[in-house]
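Tertiary structure, described
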Amino acid sequence: MLGTSKFLHGGGINYYFKYRMDAIKLLLYKKKIKYIIVSGDNKEKNYNEPRMMKLELIKRGIPSNIIYEDLYGINTINSIIRVYKIFHQKKFTIISQKFHNERAIFIGRYLGLDVVSFNAKNLKNYSNKVYFREICSRIKLFFRIFKSFFLFRTI
């Protein structure tokens, strides 16, 4: 599962977080997944997305022994690469909202992984900030891929 904060900056629950938790519980109940890797940002002392996600899943009755924390999934690209390199998974399900999953699936397939996604419930109207952030993330991804392709071709 790709990371997000449990709370909004101004306080209150982050519904992207809540809906991803709901999705995990549903997928486990339907026996579509067996293990969970919670991947997210952990770069500040008082902010740990994987820990927040794991604690919330445990609170919802999911056994801790099937939840693995990726503390270095600071962005979507790192999260996908680390599932393969650190957790040795070539085939896995990515859980987030549709707009996020589209980018994550592209990354996984670009890397030659057998990935599918499950779209957690989305907010009816996501903010301009989320929309802008996603556009910037896609542009950044394009340049990162272009750069790696160019470097590979010059060797």
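In case you missed it, the structure is sitting above this.
The structure reproduced in this document is the subject of the present report. What you are looking at is a predicted structure, and each value in this text was computed from that prediction instead of being measured.

What counts and what doesn't
Residues numbered from 1 in each chain as written. Predicted model: local features only at pLDDT ≥ 70, side-chain atom pairs only at ≥ 80, totals over all residues. Heavy atoms only, no water. Buried < 20%, exposed > 50% of the residue type's maximum accessible area, 1.4 Å probe, protein only. Helix = DSSP H or I, 4+ residues; strand = E, 2+ residues; numbered from the N terminus. Pairing = 2+ DSSP bridges. Right-handed = clockwise from strand over helix to strand, strands pointing away. Core = buried A, V, L, I, M, F, W, Y, C linked by side-chain atoms within 4.5 Å. Contact = heavy atoms within 4.5 Å. Expected span 1.5 Å × (residues − 1). Polar contact = N/O pair within 3.5 Å; in protein donor to acceptor, adjacent residues only side chain to side chain. Patch = residues over 30% accessible without salt bridge, like charges linked within 9 Å, V, L, I, M, F, W, Y side chains within 5 Å. Areas by Shrake-Rupley, 256 points an atom, 1.4 Å probe, with all protein chains shown as cover. Salt bridge = Lys/Arg side-chain N within 4 Å of Asp/Glu carboxyl O. Axes fitted to C-alpha atoms, helices over the stretch in contact; angles between N-to-C directions. Parallel < 35°, antiparallel > 145°, perpendicular 65-115°, else oblique. Left-handed = near helix turned anticlockwise from the far one by under 90°. Nonpolar A, V, L, I, M, F, W, Y, C, P; charged D, E, K, R; others polar.

1. A look at the pairing of strand β1 (residues 36-39)
- Side-chain alternation along β1 places I36 and V38 on one buried face and I37 and S39 on a second face that is also buried.
- The sheet contact formed by β1 and strand β2 (residues 67-70) spans four bridges and is parallel. By the bridge assignment, V38 is partnered in β2 with E69.
- Handedness of the crossover joining β1 and β2 through helix α2 (residues 49-59) is recorded here as right-handed.

2. Considering the pairing of strand β4 (residues 114-119)
- Looking at chain direction, strand β3 (residues 91-96) and β4 are connected through six bridges and run parallel. Bridge assignment links T93 to a residue of β4, and that residue is V116.
- Assessed by its sense of winding, the connection that carries the chain from β3 through helix α4 (residues 98-110) to β4 is right-handed.

3. Regarding the nonpolar core
- M1, I24, I36 and L57 are the most contacted members of the largest nonpolar core, which has 18 residues in total.
- Of all elements in the fold, only α1 (15-29), β1 and α2 reach the threshold of two or more residues within this core.
- Broken down by element, the residue count for this core peaks at six residues, all from α1.
- Apart from residues no more than four positions distant in its own chain, L57 is found in contact with M1, M21, I24, I36, V38, I62 and I67.

4. A few points about α1
- Spanning 15 residues, α1 covers 21 Å between terminal C-alpha atoms, matching the ideal 21 Å at 1.5 Å per step.
- All of the buried residues in α1 are Y16, F17, Y19, R20, M21, A23, I24 and L27.
- Regarding α1, its N-cap is N14, as a side-chain oxygen of that residue lies 2.9 Å from the backbone nitrogen of Y16 further along.
- Count one or two residues on from α1 and you reach K31, which has phi positive near 60°.

5. A word on α4
- Between its first and last C-alpha, α4 extends 18 Å over 13 residues, near the 18 Å set by a 1.5 Å rise per residue.
- Those residues of α4 lying buried are F99, H100, N101, R103, A104, I105, I107 and G108.
- After α4 finishes, the residue G112 shows a positive phi value of roughly 85°.

6. Focus: unusual backbone geometry
- For K31, which is not a glycine, the phi torsion comes out positive at approximately 60°.
- Positioned with a positive phi, H88 is a non-glycine residue whose angle comes to about 55°.
- Tracing the sequence through the fold places H88 in the loop between α3 (76-85) and β3.

7. Observations concerning a nonpolar patch on the surface
- A contiguous nonpolar surface patch, about 650 Å² in accessible area, is contributed by Y131, I135, I139, F142, F143 and F146.
- Judged by its relative accessible area of 34%, I135 falls in the partly exposed class.

8. Observations regarding the packing of α1 against α2
- Two elements in contact, α1 and α2, have axes whose closest approach is 11 Å; the angle formed by their N-to-C orientations is 50°. Taken together, the axis directions place α1 and α2 in an arrangement best described as oblique. Note on packing geometry: the crossing formed by α1 with α2 is right-handed. Contact residues: α1 offers F17, M21 and I24, while α2 offers M52, M53, E56 and L57.
- Here the residues of the contact of α1 with α2 sort into six nonpolar, no polar and one charged.

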